[in-house]
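Structure at a glance
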Amino acid sequence: DGHGGGGGGGVPDLDSAEFEEDETLGTCVALRDFLSEYHAHYVVDGALVSQMRLLPRAGKRPEIMVNRQFARDVPSMLRINGRPPVGDSDEEKVREAYAGLVRVSDGNSEKAQRVALVANQNLGICVYERLVTATAAARPDLCVLQAGQHYVDVRAGRRGAAVVFA
């Protein structure tokens, strides 16, 4: 019957429950405005995303400079075109991920650096906080929870790189 045992009306079985999307709970903002807000709150002095990490030359691989937030988050939550970066060590995964950013940025390393500012855990925090605020305003009876594994996927698109939080 979709309800737990015991008295009262029971508790719905969330594994088999069907939910309808409530479009009033969404949040939409122009990209320029989102990036301005994001940078004001997350790309600030002292934040890991504002600190750089140098990965020295390794064999035939050149040295690269990436922000520390990106380097920290690559092994656990970054994908490029749906695939996690490969490598035997976290450093190899960071190198592979950064090379992937350059590829989806049409070979433009400056653009890849800008994408790396957003392609990290801060994006999830920012999106979550926006959703909590929008939900609280529209439906104070609901509580937004983070659940399960989430990741950031940088995808190549017709109009350039897209950063997707999933």
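Residues numbered from 1 in each chain as written. Predicted model: local features only at pLDDT ≥ 70, side-chain atom pairs only at ≥ 80, totals over all residues. Heavy atoms only, no water.

1. Details of the packing of aromatic side chains
- Applying the stated criterion to the full structure yields two aromatic pairs.
- Here the aromatic cluster, defined as three or more aromatic residues joined through ring pairs, consists of Phe 34, Tyr 38 and Tyr 42.
- Between the NZ or CZ atom of Arg 79 and the centre of the ring of Tyr 151, over which it lies, the distance is 3.6 Å. (Phe/Tyr/Trp six-rings, centres within 6.5 Å; stacked < 30°, edge-to-face > 60°. Lys NZ or Arg CZ within 6 Å of the ring centre and 35° of its normal.)

2. Overview of the layout of surface pockets
- When its volume is computed, the largest pocket comes out at roughly 820 Å³.
- Going through the elements one at a time, α1 (31-42), α4 (109-118), α5 (121-138) and β5 (160-165) are the ones with two or more residues in the lining of the largest pocket.
- Counting residues per element, the lining of the largest pocket draws most heavily on α4, at five residues.
- Here the residues of the lining of the largest pocket sort into 13 nonpolar, four polar and four charged. (1 Å grid on protein atoms, 1.4 Å probe; cavity = no way out; pocket = protein on both sides within 12 Å on 5 of 7 lines; lining within 4 Å. Points joined across faces, edges and corners; volume = space filled by probe spheres on them. Helix = DSSP H or I, 4+ residues; strand = E, 2+ residues; numbered from the N terminus. Nonpolar A, V, L, I, M, F, W, Y, C, P; charged D, E, K, R; others polar.)

3. Thoughts on the side chain of Asn 120
- Within the secondary structure, Asn 120 sits in the loop between α4 and α5.
- Within the structure, Asn 120 has its side chain in polar contact with the backbone oxygen of Ala 116 (distance 3.3 Å).
- Within the structure, the side chain of Asn 120 is placed 2.8 Å from the backbone nitrogen of Asn 122, a separation counted as a polar contact.
- If near-sequence neighbours (up to four positions away) are discounted, Asn 120 is found in contact with Tyr 38, Val 49, Gln 69, Phe 70, Asp 73 and Val 152. (Polar contact = N/O pair within 3.5 Å; in protein donor to acceptor, adjacent residues only side chain to side chain. Contact = heavy atoms within 4.5 Å.)

4. Some details on helix α3 (residues 90-104)
- Across its 15 residues, α3 extends 21 Å between first and last C-alpha, which sits within 8% of the 21 Å expected from 1.5 Å per residue.
- Those residues of α3 not exposed but buried are Val 94, Arg 95, Ala 97, Tyr 98, Gly 100, Leu 101, Val 102 and Val 104.
- Of the residues flanking the end of α3, it is Asp 106, one or two places downstream, whose phi is positive at about 55 degrees. (Expected span 1.5 Å × (residues − 1). Buried < 20%, exposed > 50% of the residue type's maximum accessible area, 1.4 Å probe, protein only.)

5. Comments concerning a nonpolar patch on the surface
- A cluster of nonpolar side chains, namely Met 52, Leu 54 and Met 65, defines an oily patch on the protein surface of about 260 Å² accessible area.
- Relative to the helices and strands, Leu 54 is located in strand β1 (residues 52-55). (Patch = residues over 30% accessible without salt bridge, like charges linked within 9 Å, V, L, I, M, F, W, Y side chains within 5 Å. Areas by Shrake-Rupley, 256 points an atom, 1.4 Å probe, with all protein chains shown as cover. Salt bridge = Lys/Arg side-chain N within 4 Å of Asp/Glu carboxyl O.)

6. Here's the deal with the packing of α1 against α5
- The interhelical angle for the contact between α1 and α5, taken along N-to-C directions, is 110 degrees, at an axis separation of 11 Å. What the angle tells us is that α1 and α5 run roughly perpendicular. Viewed along their axes, α1 and α5 form a crossing whose handedness is right-handed. Residue-level contacts link Phe 34, Glu 37, Tyr 38 and Tyr 42 of α1 to Asn 122, Leu 123, Ile 125, Cys 126, Glu 129 and Arg 130 of α5.
- A breakdown of the residues in the contact of α1 with α5 according to their chemical character gives six nonpolar, one polar and three charged. (Axes fitted to C-alpha atoms, helices over the stretch in contact; angles between N-to-C directions. Parallel < 35°, antiparallel > 145°, perpendicular 65-115°, else oblique. Left-handed = near helix turned anticlockwise from the far one by under 90°.)

7. Description of the confidence of the model for the protein
- Averaged over every residue, the pLDDT of the protein is 86; residues scoring 70 or more account for 84%.
- Below pLDDT 50 for its whole length, residues 1-8 participates in eight contacts with residues either more than four positions away or in separate chains. (pLDDT = per-residue confidence, 0-100.)

8. Topic: the packing of helix α2 (residues 68-77) against α3
- Interhelical geometry of α2 versus α3 gives an angle of 105 degrees and a closest axis separation of 9 Å. One way to sum up the angle between α2 and α3 is to call them roughly perpendicular. On the side of α2, the interface is formed by Phe 70, Ala 71, Val 74 and Pro 75, while α3 contributes Asp 90, Lys 93, Val 94, Ala 97, Tyr 98 and Leu 101.
- Residues that form the contact of α2 with α3 fall into these classes: eight nonpolar, no polar and two charged.

9. A word on the sheet that holds β5
- Spatially, the three strands line up as an open sheet ordered β3-β4-β5, and their pairing is mixed. With partners counted over all chains shown, the strands left at the sheet margins are β3 (78-80) and β5, one partner each. Averaged over all adjacent pairs, the angle separating strand axes in this sheet is 20 degrees, with direction ignored.
- Pairing between β3 and strand β4 (residues 152-157): three bridges, direction parallel. Counterpart to Ile 80 in the pairing with β4 is Val 154.
- The strands touched by α3 are β3, β4 and β5; relative to β3, the strand with the most contacts, the crossing angle is about 45 degrees. (Pairing = 2+ DSSP bridges.)

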